[in-house]
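# Descriptive analysis of the structure
Each chain is listed here by its residues.
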Amino acid sequence: MPWKIGTLWVCCLVLQALGPFSSKAADSEVLKPRVPQDQIVEAQSWKNPFSSTQENIEKGKQIFHGKAFCVTCHGRDGKGLGNIPGLVGRLPRNFTDKDWQAVRTDGELLWILKNGSPGTAMASFIPLVLTEEEAWHVLLYVRSFGQP
Ligand code: HEC
């Protein structure tokens, strides 16, 4: 009966559409580069001029919890909050995700702080909220969530 074949086909389409919401697909989505292809090589060449000392991480922590309000979306534990009212696009990044930590260079993360992640709630922070120097300190703190 033709309608049965039609129904089957519609089901396939629905399953395909739901695919991105399965946890595996969602992870690979998070790992995709955020910096556009024509800028990524340059962004990857930017190195953090500050070393990961306890003092520098602490400075980044103060900014993360303080004037840059990163904590309101990424959470005290860096795991990223879900269900934020009015949030469009993807959920705030979980900084404890080791796979994500491994695929991103420091330069790519600085690019995000300069430009934001288009189409998501992640806005640009440099230069309005943070100087580049402060941003590098915050990134040392972001990296510390990936440590065992
Ligand atoms: C209004 C909510 C919000 C605030 C405030 C916010 N973020 Fe985000 N952040 C997001 C969202 C949503 C994403 C996911 C964007 C994406 O998947 O492309 C994100 C992603 C990121 C990423 C990952 C980008 C990548 O390449 O995967 C970094 C790093 C980051 N944020 C750092 C920060 C820092 C540091 C602050 C404070 C200076 C901050 N965020 C403040 C919502 C926020």
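Glancing now at the pattern of salt bridges. This structure, assessed with the given rule, holds 4 salt bridges. One salt bridge connects E134 with K67, and the closest N-O pair in it is separated by 2.9 Å. Here the residue E134 occupies a position in helix α8 (residues 132-144), and K67 occupies one in the loop between α4 (54-65) and α5 (71-74), the gap between them amounting to 67 residues. Under the relative-accessibility criterion, K67 is labelled partly exposed at 47%. A salt bridge links D106 to R143, with the nearest nitrogen and oxygen atoms 2.8 Å apart. Of this pair, D106 sits in helix α7 (residues 106-115) while R143 sits in helix α8; the two residues are 37 residues apart in sequence, bridging distant segments of the chain. By relative accessible area, D106 is classed as partly exposed at 26%.

Here we take up the site of the ligand. As a matter of local geometry, the ligand sits amid 24 residues, with R34, C70, C73, H74 and M122 nearest to it. Within the side chain of R93, one N or O atom sits 2.9 Å away from an oxygen atom of the ligand. The separation between an oxygen atom of the ligand and a polar side-chain atom of R104 is 2.7 Å. Going through the elements one at a time, α5 and α7 are the ones with two or more residues in the shell around the ligand. Residue composition of the shell around the ligand, by class: 16 nonpolar, 4 polar and 4 charged.

Moving on: the coordination of the iron atom of the ligand. Around the iron atom of the ligand, the protein contributes the donor atoms H74 (NE2) and M122 (SD), which lie 2.0 to 2.1 Å from the metal centre. Classification of the site at the iron atom of the ligand rests on its 6 donor atoms, whose angles at the metal span 86 to 179°, yielding the label octahedral. Placement of H74 in helix α5 and of M122 in the loop between α7 and α8 is noted, with a sequence separation of 48 residues between them.

The relative placement of two aromatic rings is captured by the distance of their centres and the angle of their planes. With the rule as written, the count across this model stands at 7 aromatic pairs. An angle of 35° between the planes, with centres 5.6 Å apart, marks the rings of F95 and W100 as tilted. The two residues F95 and W100 agree in class, both being buried. Each residue in the set F64, F95, W100, Y141 and F145 is aromatic and connected to the rest through ring pairs, giving one cluster. Taking NZ or CZ as reference, K114 lies 5.3 Å from the ring centre of W46, over its face.

Of all hydrophobic cores here, the largest spans 23 residues; its most connected members are F64, L130, V138, L139 and V142. With 7 residues, the single largest contributor to this core is α8. V138 has contacts with G60, I63, F64, C70 and L130, leaving out every residue within four places of it along the chain. Formed by 5 residues, the second largest nonpolar core is a distinct cluster that contains V35, I40, W111 and I112.

Calculation criteria
Each chain carries its own residue numbering, running from 1 in the direction its sequence is written. The predicted nature of this model means local features are confined to residues of pLDDT at least 70 and side-chain atom pairs, given and counted, to a pLDDT of 80 or more, with totals for whole chains, interfaces and linings taken over all residues. Where side-chain values are given, they derive from all heavy atoms of the structure, hydrogens and water being excluded. In what follows, salt bridge is the name for a side-chain nitrogen of Lys or Arg lying within 4 Å of a carboxyl oxygen of Asp or Glu. Helix and strand assignments follow DSSP, with helices taken as H or I runs no shorter than four residues and strands as E runs no shorter than two, numbered in order from the N terminus. Only protein chains enter the area calculation, which uses a 1.4 Å probe; residues under 20% of their type maximum are buried, those over 50% are exposed, and those in between are partly exposed. Throughout, the term near means that a residue has one or more heavy atoms lying within 4 Å of the molecule or strand in question. Counted as a polar contact is a pair of N or O atoms within 3.5 Å, where, for protein atoms, one must be capable of donating a hydrogen and the other of accepting one, and residues adjacent in sequence contribute only when both atoms are in side chains. Residue polarity is assigned by list, with Asp, Glu, Lys and Arg as charged and Ala, Val, Leu, Ile, Met, Phe, Trp, Tyr, Cys and Pro as nonpolar; anything else, Gly included, falls into the polar class. Metal donors: N, O and S atoms at distances within 2.8 Å, or within 3.2 Å for Na, K and Ca, with water omitted from the atom set so that some sites may seem incomplete. By the criteria applied here, four donors are tetrahedral when all angles lie between 85 and 135 degrees, four are square planar and six octahedral when opposite donors are over 155 degrees apart and every other angle lies between 65 and 115, and any other arrangement is irregular. Each pair of aromatic rings taken from Phe, Tyr and Trp, with Trp reduced to its six-membered ring, is defined by centres within 6.5 Å and is described as stacked if the planes are under 30 degrees apart, edge-to-face if over 60, and tilted in the remaining cases. Look at NZ for Lys and CZ for Arg. If either is within 6 Å of the ring centre and within 35 degrees of the ring normal, a charge sits over the ring. Buried Ala, Val, Leu, Ile, Met, Phe, Trp, Tyr and Cys residues that are joined via side-chain atoms within 4.5 Å together make up what is termed a nonpolar core. Note on definitions: a residue-residue contact is assigned when non-hydrogen atoms from the two residues lie within 4.5 Å.

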